[in-house]
Amino acid sequence: MSQVYIEIECQVTPVEPWADLLIAALGEIGFESFEKTDSGFLAYVAHSDYDLESTRQVLQTYSDHCAVSFSSKEIEATNWNADWEKNFSPITVGERIHVRAPFHPASDSEYEIVIEPKMSFGTGHHQTTHLMLEHLLELDVRDKDVLDMGSGTAVLAIMACMRGARKATAIDIDEWCGENGLENAQRNGVENIQVIVGTADQLPTTPEFDVIIANINRNVLLEDLSAYVACLRPGGAVLLSGFYESDLEIISERAQEFGLVYQGRKSRDTWVAVKFLIL
């Protein structure tokens, strides 16, 4: 018997940028998949994980900035992968990275990453993932230990390993992402990835990483930045994304509190990915 899911249809006014922020917040309370619409988005969560009151609270997070209404219904999750296959097309980043699904033809790109997206975030299509891949093309990760927070499909951890990282640790709060990350690592022949289901609470409190990649959302980054710095080796790099250009100032101020030095940013639409170093 197929697992029963809850579909909620959210109407958001104005849609941008608030729909994306609400999607990120719902992802933190168990929602697994999202589909943008002209008026907002659809969100899906397993019936067993659905909490109506928590959902209401999350959808009121930005009530000072946007109007939100929603309705819900039960559905059976029988065609997730078919829906992905209909909507997932290959992408190219920096003319060097080609991200595709197993059912797409291979390319002759320098880095070809095969991702079975399922319901995990991180196919490269979202602006933030695209920006982080651009950063990884420029960052020297050879023989370095890399941490990928909010790893989703593990596409960023896989890319780091393809670029010569000694080891990548991929952490995501969602069990589905954990399974999907492992599958994608195996699919790409990458063996030096450890996938952990959890949060920043699972991070070591001693310096063990040379590069930290965190593509989550503004609030989580602000809360967890101290934990990232605690496990970052001297001279290490931090790449942060999952937030808008308007959030850059507060993110940078928080980073400075922990000794991180701003190195530059990349922008795509209204999204931004920033690089810091710890000296």
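Considerations on the state of the cysteines
In a disulfide, the sulfur atoms of two cysteines are held together by a covalent bond. Tallied over the entire structure, the rule returns zero disulfides. Its sulfur unpaired, C231 is 17 Å from the next cysteine sulfur, which belongs to C161. We classify C231 as buried; its relative accessible area is 0%.

Some points on unusual backbone geometry
Each neighbour pair has its own omega, and for T13 with P14 the value is -5°, a cis peptide bond. Note the cis peptide between E16 and P17, where omega equals 0°. Relative to the assigned elements, P17 resides in the loop between β1 (4-13) and α1 (18-27). One non-glycine residue, E95, adopts positive backbone phi at about 60°. Although it is not a glycine, A154 sits at a positive phi angle of roughly 75°.

Here we look at the pairing of strand β13 (residues 260-268)
One face of the sheet, then the other: side chains in a regular strand alternate in exactly this way. Strand direction decides the pairing type here: β13 and strand β14 (residues 271-278), joined by eight bridges, are antiparallel. Of the residues in β14, the one forming a bridge with K266 is A273. Between β13 and β14, which pair antiparallel and follow one another directly, the connecting turn spans two residues, one of which, D269, has a positive phi of 60°.

Focus: helix α2 (residues 52-59)
Of all the residues in α2, the buried ones are T55, V58 and L59. Projected down its long axis, α2 carries its buried residues within an arc of 95°, all on one side. N-capping of α2 is provided by D51, with a side-chain oxygen placed 3.1 Å from the backbone N of E53.

Describing the confidence of the model for the chain
Put simply, the chain has an average pLDDT of 89, and 91% of its residues get 70 or more. For the chain, per-element mean pLDDT is lowest for helix α3 (residues 80-87), which scores 55, and highest for strand β8 (residues 145-149), which scores 98.

Observations concerning the packing of aromatic side chains
If you walk through the whole model with that rule in mind, you get four aromatic pairs. Considering the side-chain rings of F31 and Y50, the 6.4 Å spacing of their centres and the 85° angle between planes classify their relative orientation as edge-to-face. Remark: Y50 occurs in the loop between β3 (40-46) and α2 and F31 occurs in the loop between α1 and β2 (33-37); sequence separation between them is 19 residues. Given the relative accessible area of 3%, F31 is considered buried. The partly exposed category is assigned to Y50, whose relative accessible area is 21%.

Points about the packing of helix α4 (residues 127-138) against helix α5 (residues 155-162)
When two helices pack together, you describe them by how their axes are tilted relative to each other and by the distance separating the axes. Two elements in contact, α4 and α5, have axes separated by 10 Å at closest approach and are oriented at 15°. Classed by the angle they form, the pair α4 and α5 counts as roughly parallel. Two packed elements cross with a definite hand, and for α4 against α5 that hand is right-handed. When α4 is examined against α5, the residues T129, M132, L133, L136 and L137 are found in contact with a partner set consisting of V155, L156, M159 and A160.

A word on the sheet that holds strand β9 (residues 167-172)
Each strand in a sheet pairs with another by means of backbone hydrogen bonds, the pair being arranged parallel or else antiparallel. Taken together, seven strands build an open sheet; the order of strands is β10-β9-β8-β11-β12-β14-β13 and the sheet is mixed. Edge positions in the sheet fall to β10 (193-197) and β13, since each of these pairs with one other strand and no more. Averaged over all neighbouring strand pairs, the angle between strand axes comes to 15°, with direction disregarded. Both β8 and strand β11 (residues 209-215) contribute to a ladder of four bridges, which runs parallel. The residue of β11 that forms the bridge with D148 is I213. Packed onto the sheet, helix α6 (residues 175-187) meets β9 and β10 and runs at close to 170° relative to β10.

Cut-off values and rules
Residues numbered from 1 in each chain as written. Predicted model: local features only at pLDDT ≥ 70, side-chain atom pairs only at ≥ 80, totals over all residues. Heavy atoms only, no water. Disulfide = S-S within 2.5 Å. Buried < 20%, exposed > 50% of the residue type's maximum accessible area, 1.4 Å probe, protein only. Helix = DSSP H or I, 4+ residues; strand = E, 2+ residues; numbered from the N terminus. Pairing = 2+ DSSP bridges. Arc of directions from axis to C-beta. Polar contact = N/O pair within 3.5 Å; in protein donor to acceptor, adjacent residues only side chain to side chain. pLDDT = per-residue confidence, 0-100. Phe/Tyr/Trp six-rings, centres within 6.5 Å; stacked < 30°, edge-to-face > 60°. Axes fitted to C-alpha atoms, helices over the stretch in contact; angles between N-to-C directions. Parallel < 35°, antiparallel > 145°, perpendicular 65-115°, else oblique. Left-handed = near helix turned anticlockwise from the far one by under 90°. Contact = heavy atoms within 4.5 Å.

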